[in-house]
Each structure stands twice: as C-alpha cells, then as structure tokens.
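Given next are the chains, with one letter for each unit.
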Amino acid sequence: MNWTQTGLLAGLILGATAALGGFTGFLIALLVGALGLVVGRLLDGELEIGDILGRGRDR
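All chains use their own residue numbering, which begins from 1 and follows the written sequence. Local features in this predicted model are restricted to residues of pLDDT 70 or higher, and side-chain atom pairs are both shown and tallied only at a pLDDT of 80 or more, whereas totals for entire chains, interfaces and linings draw on every residue. Based on all heavy atoms of the structure, the side-chain values leave hydrogens and waters out of the count.

Participant: Mind showing me how you'd approach the overall build of the chain here?
Facilitator: Helix and strand definitions here come from DSSP, where helices need a minimum of 4 consecutive H or I residues and strands a minimum of 2 consecutive E residues; each element is numbered from the N-terminal end. Broken down by element type, the chain carries three helices and zero strands. When the helices and strands of the chain are placed in sequence order, the string is α-α-α. When a residue's accessible area, from a 1.4 Å probe over protein chains only, is under 20% of the maximum for its type it is buried; when over 50% it is exposed; and in between it is partly exposed. When burial is assessed residue by residue, the chain has 15% of its 59 residues classed as buried. Across the chain, every contact between residues at least 6 apart in sequence was considered, and the portion connecting residues at least 24 apart equals 41%. Accessible surface, the chain as shown: approximately 4,600 Å² in total, 67% of it carbon and sulfur. Should any heavy atoms of two residues lie within 4.5 Å, those residues are counted as being in contact. Only the protein chains shown count as covering a residue, and every accessible area follows the Shrake-Rupley method with a 1.4 Å probe.

Participant: Hey, could you run me through helix α2 (residues 22–44) in this one?
Facilitator: Turn by turn, an α-helix covers 3.6 residues, leaving residues three or four places apart pointing in a common direction. By this rule the span expected of a helix is its residue count minus one, scaled by 1.5 Å. In this model, α2 (23 residues) spans 32 Å end to end at C-alpha, consistent with the 33 Å of a helix rising 1.5 Å per residue. Where α2 is concerned, the buried positions are G25, A29, G33, G36 and G40. Directly beyond the C-terminal end of α2, a positive phi value near 85 degrees is found at G45.

In structure tokens:
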C-alpha cells in the first residue's frame, strides 16, 4: 500500500469516526478523505504544493 492509499484510508476512517453518521457525516468523511488523498499524493511525490497553490515552477 502506497502513501496515497494510506492517506485516503486514514482520512476516511477519521472522518467517519468524527462524524458518526447522517448526511453531514457523509460530507465530513468525504472532505477528510479528499484531504487524506491530497496528503498521500504529496508524500508519494505525485503532486507538488505549487500545483495546488497555482504557482508555476518557473518562479
């Protein structure tokens, strides 16, 4: 399991336990899961912070 998968799984588990059900809980789990996915991709080197912030590599 790579960092992307680990981050996504950890984010989904933390979001689910923090929310504990309902539609609001689903949205929180989705948000935290997406955050975990981004952190995992950053750690894998598949995504750079400059890509997220919109800054080019030239500067």
